[in-house]
Each structure stands twice: as structure tokens, then as C-alpha cells.
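Results of the structural survey
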There are 2 protein chains.
Amino acid sequence: MKENLTIGAIARTSGVGVQAVRYYERRGLLLPDERKESGYRIYSREAVRRLRFIKNAQGLGFSLEEIGRLLRLSVGHKRQCARVRKQAQKRLEIVREKIGALQAIEKALQRLIRTCAARGTTWPCPILEGLGEQSR
Amino acid sequence: MKENLTIGAIARTSGVGVQAVRYYERRGLLLPDERKESGYRIYSREAVRRLRFIKNAQGLGFSLEEIGRLLRLSVGHKRQCARVRKQAQKRLEIVREKIGALQAIEKALQRLIRTCAARGTTWPCPILEGLGEQSR
DNA sequence: ATAAACTTTATATCTAAGTATAGAGTCAAG
DNA sequence: CTTGACTCTATACTTAGATATAAAGTTTAT
């Protein structure tokens, strides 16, 4: 039983849209293994793994651009682990920065809401007033 | 000395682009107080405050859509503090969710990097392997 | 054999928050 | 009075990651 993984098949098993798979191909991330005479794309199970790689990496916040770089690092006969780790570390730093920024926002919102609650439902609304302030 | 705040003036003092100010106007967030016969927009200092409001709220993660809603809540003679607080609380929850999601990503990246470091610069690269796994 | 389901390419559209450009008019200084 | 800086409108373009649509061809099931 020769496997005939069409684009619809790998899309379904990976939970992405058919259009998205073609889009990844245009971005150079996922080439079909073969084309039938009809032009239909045929994929191997390795391609499914690759597609999963793309989705997992996306889930970790990697952009398709970065994912492309990771995939290109992985194809040479010499797998360049150090560079991959560097990428992952860079991504980790960015994630940590984002967390920090969001925590600052969290604090600012908490402060606004606390002020509002302390005053009760009065006028003028301290949230709106506070947001109109000159920021330092 | 009558103030003639042109679009360039309020843009400069608020640190936004002239185009952006016009864009906010199209979005219904910031109308000029007046138009000269020439069609030039003229703003009051109140408009500068409003523009600061927009930028501050953006800094807290509010979208222009949400900011528009906040501004509309603030214009009625009866300022609806409760609704504003509700919006801010909703925003706070979203921020907290984002923080949680990013912390999960942080952990996953840390794990990948740890595995990689433990193995040294070997083959196959555990980060790339890990990213190709079926996720649960 | 035919209908349903699938695939092909190419092109357009979406979101968000703007930025860029063109062509024309206006304002202030020297 | 001219130059340069500014403004006007309208339209197009940007990023990122897709999704939607059209018009045509293919495969599979009955």
C-alpha cells in the first residue's frame, strides 16, 4: 500500500488549512516530494513531521522567517546545533522581554482599577483622567 | 496670543506622525476643533490631551477599537465609570492570559535548550528533534 | 458515466496600525 | 515675491500569516 499523501491529507492530519500548506511552500518551508502528471502535490511522512515542526515552532513564537532559518540549519549533513541553540536562546530572551513588558502593563492596569474602586462610581472617572496624563 | 495648533504641531508635541493623526481622525478618535478656510485642521490643547490618552491607552495594550469605545463612554454628560472599569478589567485579564501563555513558552524553550546543553554539540540536534515531535 | 470531492493556479482580500506617494494648495520669512 | 516648510485629499503600500474566490482540471465512489 503505497502512501498517497495529498495536500488535503497532510493538511487534515496536521490541523492546518490547505491554503496554508501552499503558503508554506511559497515561503520555501515545505516542498512536496513529488508531483503527479496531473500536477497534484504528493508528500512523504517526513513532510508531515516537517509540517509539525513548523506548527510547533510557531507555537513557541518563532516567525516563519526564523523557522525557515532553523530548517535550513537542519538540512546540511553537519547539523549545526550551536547555531540552533543560539536561535532558541535569542527567542527565549525575546519571550522574557515580552513577559516583563506585559507585567508592567499589568501593574499599571491594576493601579488604575484600584484607584477607580477606591473612589467608587464617581466623576470624573480616574481611569480616563489617568490615561490623559502626560506620561513621564 | 491665540493658539494655532496645526496638525504638525500636535503631532510633534505628542510624538506621533502627521499621518497617524489623520488616521485617528478617520477612525473617529480625534476630530479637529476647527478648520480654517484653507481646510487646515486646528486643534485645541484638549485635543492634545486626547491624543495623549490614545497613546497611553495603546501603551497599555488597548486597540484603537477599544480606545474608541472608552472615548465614547467618556463624552456623555454622565461619565460611565463602571463600564470603563469593566473594560480595564477585561483588558487586565487578557494581559494576564498572555503572560501565562508566554510563561508556558518560556518553560518549553528552557527545556529544549537544557536538553541541548546536556548533550553537547552532537547529532541529531535535540531542539530540532523536539520540535518535530507530535504535540499532545 | 456521472456526481462529489478534491486539486491546480492565480489573484484578491483580511487584520491592525499605520507609512508612502502624488499632485495641489497655503503660509511665513526674507 | 519667491522659496521652503507645511498642509490638503486620495490612493496605494507595508507586515505577517494566512484565507477566499474563480475557473479549470482530476480522482474516487457509486
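Quick look at the structure, then. In this text the structure is predicted, and so the values were computed from the model without any measurement.

This part is about the environment of B:Ile10. Residue and element names in this part refer to chain B. In this structure, isoleucine 10 sits in helix α1 (residues 7–14). Here the alpha-carbon distance between isoleucine 10 and arginine 41, two residues 31 residues apart in the chain, equals 11 Å. Apart from the residues lying within four places of it in its own chain, the contact partners of isoleucine 10 are Leu5, Val21, Leu30, Tyr43, Val48 and Leu51.

This part is about the packing of helix α1 (residues 7–14) of chain A against helix α2 (residues 18–26) of chain A. All names here are of chain A. Running from N to C, α1 and α2 point in directions that differ by 105°, and their axes come no closer than 8 Å. By the angle class used here, α1 and α2 are roughly perpendicular. Residue-level contacts link Ile7, Gly8, Ile10 and Ala11 of α1 to Val18, Val21 and Arg22 of α2.

Okay, the interface of chain A and chain B next. Taken together, the contact pairs 48 residues of chain A with 48 residues of chain B. Between chain A and chain B, a total of about 4600 Å² is buried, with carbon and sulfur atoms accounting for 71% of that surface. A:Arg96 is the partner of B:Glu106 in a salt bridge, and the nearest nitrogen-oxygen pair spans 2.9 Å. Seen at the junction of chain A and chain B, the total is five residue pairs in polar contact (both at pLDDT 80 or more). Of all the elements in the fold, those that place two or more residues in the side of chain A that touches chain B are α3 (45–59), α4 (64–75), α5 (81–119) and α6 (126–132) of chain A. At 23 residues, α5(A) tops the list of elements feeding residues into the side of chain A that touches chain B.

Moving on: the side chain of A:Glu66. Residue and element names in this part refer to chain A. As for its position among the elements, glutamate 66 is in helix α4. The class for glutamate 66 is buried, based on a relative accessible area of 6%. Residues in contact with glutamate 66, not counting those within four places in the same chain, are Gly61, Gln87 and Arg91.

Here is what the cut-offs are and how they apply
- Residues numbered from 1 in each chain as written.
- Chains lettered and ligands numbered in written order.
- Predicted model: local features only at pLDDT ≥ 70, side-chain atom pairs only at ≥ 80, totals over all residues.
- Heavy atoms only, no water.
- Helix = DSSP H or I, 4+ residues; strand = E, 2+ residues; numbered from the N terminus.
- Contact = heavy atoms within 4.5 Å.
- Axes fitted to C-alpha atoms, helices over the stretch in contact; angles between N-to-C directions.
- Parallel < 35°, antiparallel > 145°, perpendicular 65-115°, else oblique.
- Buried area = accessible area lost by both parts, 1.4 Å probe.
- Salt bridge = Lys/Arg side-chain N within 4 Å of Asp/Glu carboxyl O.
- Polar contact = N/O pair within 3.5 Å; in protein donor to acceptor, adjacent residues only side chain to side chain.
- Buried < 20%, exposed > 50% of the residue type's maximum accessible area, 1.4 Å probe, protein only.

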